[in-house]
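Structural overview
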Amino acid sequence: MTTTLPADDILYAALLARDPAYDGHAFVGVTTTGIFCRLSCPARKPLFENTRYFDSVAACYTAGFRPCLRCRPVAQVGAREPVVAMLMARLDAEPDRVWSEEDLIALDLDPSTVRRAFRRHIGTTFLDLARLRRAGRGVDRIAGGASVIDAQIEAGYDSGSGFRDAVIRLIGDAPAALRGTPLLTADWIETPLGAMLAIADATHLHLLEFFDRKALPEGLARLRQRTGAAIVFGRTPPIDRIAAELSTYFDGTDARFTGPIAAHAAADFTASVWTALQTIPPGETRSYSALATTIGRPSAVRALARANGANQLAIVIPCHRVIGADGTLTGYAGGLWRKRWLIEHERRHFA
């Protein structure tokens, strides 16, 4: 159920106009809330830069968004087919249940009919959607400080490999059959600020993000698209290296990150912003306007803020060191509480 959507500015105009013509065909995810809606949703409209657009409910879930309780986008899609509406209601009522085809048969449902109905209206099968939602809750628990094994058990997975495969479904391909495809490896790194996901190849670190960043699945999809690689769970030397460097960073002994990185900037301007960020010494901050002046683009403050937010190497490329001109803490995808902690930690240990 893949379609080509209009440009984002057209969809945003439809969102502002609450145009019902797109209902069921386009959905908006709001990055500041983690919610996805119909374009005709009556709720207060987000800023353009806080929106992402999808062509299916499944794509919204995969990107880590939850359905809006006001416009109920999933209910509207499910209304076209009673079996979809009924099973979606059961998913909501029993969020921790591990579903199987035998459960569907016990409800006098034909699994193949259910599979076709969900693919047609949601974009994925019912059983895959249930697994995806359970894995998403597991990721949420890890982000909240739970261990991987606790998150696995609470999400209803009997085996660690099963849980990791489910998380792979959130971030990319199941890799076993991808012979000849370039591979990136991913692993959890526990930190005092919560679990982080590190992704690397054999020589370079490609991504380091906090697990509770709402747009993480979408960012992973972009990474896969840019590299042409599948993602598997495992360890490579760059992940071992960043884990060791994070350990010394958080214990206050060394703030240097010297391992090779692959930053994947989408444009030269973004690359210049990320390079400038790495020149800010630990324990110091810069305003957005000052950083824009540093790169010779004093009028490009808003574009610089967007480039700052697109950084996928948290802490290593220290976007947390950029603050408002009046000293306020703004614009950190990992959460302002983490930005404050990081700045204070660096001032205390490295200034």
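Residues numbered from 1 in each chain as written. Predicted model: local features only at pLDDT ≥ 70, side-chain atom pairs only at ≥ 80, totals over all residues. Heavy atoms only, no water.

**Side note on the side chain of D103**
- Note on placement: D103 falls in helix α5 (residues 101-106).
- Look past the residues within four positions of D103 in its chain and what remains in contact with it is R97 and V98. (Helix = DSSP H or I, 4+ residues; strand = E, 2+ residues; numbered from the N terminus. Contact = heavy atoms within 4.5 Å.)

**Re helix α12 (residues 268-277)**
- Those residues of α12 that sit buried are F269, T270, V273, W274, A276 and L277. The arc enclosing the buried residues of α12, seen along the axis, measures out at 160°, which places them on a common side. What points out from α12, more than 90 degrees from its buried face, is the exposed set D268 and T275.
- Its buried side turned inward, α12 meets α13 (288-294), α14 (301-309) and β10 (322-323). (Buried < 20%, exposed > 50% of the residue type's maximum accessible area, 1.4 Å probe, protein only. Arc of directions from axis to C-beta.)

**Some words on the side chain of T185**
- Secondary-structure assignment places T185 in strand β5 (residues 183-189).
- Polar side-chain contacts of T185 include one of 3.4 Å to the side chain of T236. (Polar contact = N/O pair within 3.5 Å; in protein donor to acceptor, adjacent residues only side chain to side chain.)

**What about the packing of α12 against α14?**
- Interhelical geometry of α12 versus α14 gives an angle of 75° and a closest axis separation of 9 Å. One finds that α12 runs roughly perpendicular with respect to α14. Between α12 and α14, the residues in contact are F269, T270, V273, W274 and L277 and A303, L304, A307 and N308, respectively.
- A class-by-class count of the residues in the contact of α12 with α14 yields seven nonpolar, two polar and no charged. (Axes fitted to C-alpha atoms, helices over the stretch in contact; angles between N-to-C directions. Parallel < 35°, antiparallel > 145°, perpendicular 65-115°, else oblique. Nonpolar A, V, L, I, M, F, W, Y, C, P; charged D, E, K, R; others polar.)

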